[in-house]
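Residue-level listing of the chains:
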Amino acid sequence: QKEVEQNSGPLSVPEGAIASLNCTYSDRGSQSFFWYRQYSGKSPELIMSIYSNGDKEDGRFTAQLNKASQYVSLLIRDSQPSDSATYLCAVNNGYSTLTFGKGTMLLVSP
Amino acid sequence: DTGVSQDPRHKITKRGQNVTFRCDPISEHNRLYWYRQTLGQGPEFLTYFQNEAQLEKSRLLSDRFSAERPKGSFSTLEIQRTEQGDSAMYLCASSLGGEDYIQYFGAGTRLSVL
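Residues numbered from 1 in each chain as written. Chains lettered and ligands numbered in written order. Predicted model: local features only at pLDDT ≥ 70, side-chain atom pairs only at ≥ 80, totals over all residues. Heavy atoms only, no water.

**Student:** For the overall build of chain B, give the residues involved together with the corresponding values.
**Tutor:** Secondary structure summary: chain B contains zero helices and 11 strands in total. Secondary structure elements in chain B, listed N-terminal to C-terminal, are β-β-β-β-β-β-β-β-β-β-β. If you line up chain B on its principal axes, its C-alpha atoms span 40 × 25 × 20 Å. Across chain B, the fraction of contacts at a sequence separation of at least 24, relative to all contacts at a separation of at least 6, is 54%. Only carbon and sulfur atoms are counted for the fraction: they give 43% of the accessible area of chain B, which is about 5,700 Å². Between the centroid of the 14 positive side chains of chain B and the centroid of its 14 negative side chains there is a distance of 7 Å. (Helix = DSSP H or I, 4+ residues; strand = E, 2+ residues; numbered from the N terminus. Contact = heavy atoms within 4.5 Å. Areas by Shrake-Rupley, 256 points an atom, 1.4 Å probe, with all protein chains shown as cover. Lys, Arg positive; Asp, Glu negative; His and termini not counted. Charge placed at Lys NZ, Arg CZ, Asp CG, Glu CD.)

So, in structure tokens, the structure goes:
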């Protein structure tokens, strides 16, 4: 059973702080990793993709991948109330389908 | 708006009825995926197509679920003899081919079975 684990939260941070979201996966053959943001009642929206070890930065978002530790993280700098949402970690193990974690709820307080 | 269109957005039905959902992918995308999402869970993969070929369907939840993509463009997902446990958000996504290609999700169809 290929699994993706996330802390369900909620993770509460004050406005302007750094939010750190973590994800572990069980399948060592996993090749592609994605972070989606999902507002309540809406569909998932892609935030970041990462394919190789290390960091990838896009604006206020940084994704970090460590394949040896089977660990993916998402950092959100200068968190805003509008960042309050559920963040889904998704892993593609090479069979063209995504396995999602249950998501971490992030709450950014003004 | 990602460009993936799903219809209807909401569907209320009575237990035992059949329902069909439609998904129109981004026009140049040859892969189309169906997922189901229940409250508090991440999306759960159901099936996917490359062009008109259904390449994976073993994860459909039961033989009451079926999907088609007859001309390699839009797709339909049908649930026969609906049960209350089928109540969920049904999500469609599309991508270009290949595992590195990003899947873009539609707005989803929320199904309520009474």
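**Student:** Give me the state of the cysteines: which residues, what numbers.
**Tutor:** Scanning all chains against the criterion turns up two disulfides over all chains. A sulfur-sulfur distance of 2.1 Å marks the disulfide that ties Cys-23 of chain A to Cys-89 of chain A. Its torsion about the S-S bond being -70 degrees, the disulfide of Cys-23 of chain A and Cys-89 of chain A is classed as left-handed. In this pair, Cys-23 of chain A sits in strand β3 (residues 19-25) while Cys-89 of chain A sits in strand β9 (residues 85-92), placing the two residues 66 residues apart along the sequence. Under the relative-accessibility criterion, Cys-23 of chain A is labelled buried at 1%. For Cys-89 of chain A, a relative accessible area of 0% gives the class buried. A sulfur-sulfur distance of 1.8 Å marks the disulfide that ties Cys-23 of chain B to Cys-92 of chain B. Between Cys-23 of chain B and Cys-92 of chain B, the S-S torsion sits near -70 degrees, and that sign places the bridge as left-handed. Here the residue Cys-23 of chain B occupies a position in strand β3 (residues 19-24), and Cys-92 of chain B occupies one in strand β9 (residues 88-95), the gap between them amounting to 69 residues. Assessed through its relative accessible area of 0%, Cys-23 of chain B is described here as buried. (Disulfide = S-S within 2.5 Å. Buried < 20%, exposed > 50% of the residue type's maximum accessible area, 1.4 Å probe, protein only.)

**Student:** Report on the sheet that holds strand β8 (residues 75-79) of chain B, specifying residues and quantitative values.
**Tutor:** Residue and element names in this part refer to chain B. Spatially, the four strands line up as an open sheet ordered β1-β3-β8-β7, and their pairing is antiparallel. Of all strands in the sheet, those with a lone pairing partner are β1 (5-7) and β7 (65-68), marking the two edges. Direction aside, the axes of adjacent strands within the sheet are offset by 15 degrees on average. Sheet analysis places β3 next to β8, joined by five bridges and oriented antiparallel. Bridging across to β8, Thr-20 finds its partner in Glu-78. (Pairing = 2+ DSSP bridges. Axes fitted to C-alpha atoms, helices over the stretch in contact; angles between N-to-C directions.)

**Student:** Which residues make up empty space enclosed by the protein, and what values go with them?
**Tutor:** Residues and elements named next belong to chain A. Within the structure shown, the criterion is met by one cavity of 30 Å³ or more. The calculated volume of the largest cavity comes to roughly 50 Å³. What lines the largest cavity is Lys-2, Glu-3, Val-4, Tyr-25, Ser-26, Asp-27, Ser-30, Val-91, Asn-93 and Thr-99. When grouped by side-chain class, the residues that make up the lining of the largest cavity number three nonpolar, four polar and three charged. (1 Å grid on protein atoms, 1.4 Å probe; cavity = no way out; pocket = protein on both sides within 12 Å on 5 of 7 lines; lining within 4 Å. Points joined across faces, edges and corners; volume = space filled by probe spheres on them. Nonpolar A, V, L, I, M, F, W, Y, C, P; charged D, E, K, R; others polar.)

**Student:** Hey, could you go over the side chain of Ser-94 of chain B for me, with residue numbers and the actual values?
**Tutor:** Residues and elements named next belong to chain B. Here Ser-94 shows up in strand β9. With relative accessibility at 0%, the residue Ser-94 sits in the buried group. A polar side-chain atom of Ser-94 sits 3.4 Å from the main-chain amide nitrogen of Ile-26. There is a polar contact of 2.8 Å between the side chain of Ser-94 and the side chain of His-29. Each residue touching Ser-94, except ones within four places of it in the same chain, is listed here: Val-4, Pro-25, Ile-26, His-29, Arg-31, Leu-32, Tyr-33, Ile-102, Gln-103 and Tyr-104. (Polar contact = N/O pair within 3.5 Å; in protein donor to acceptor, adjacent residues only side chain to side chain.)

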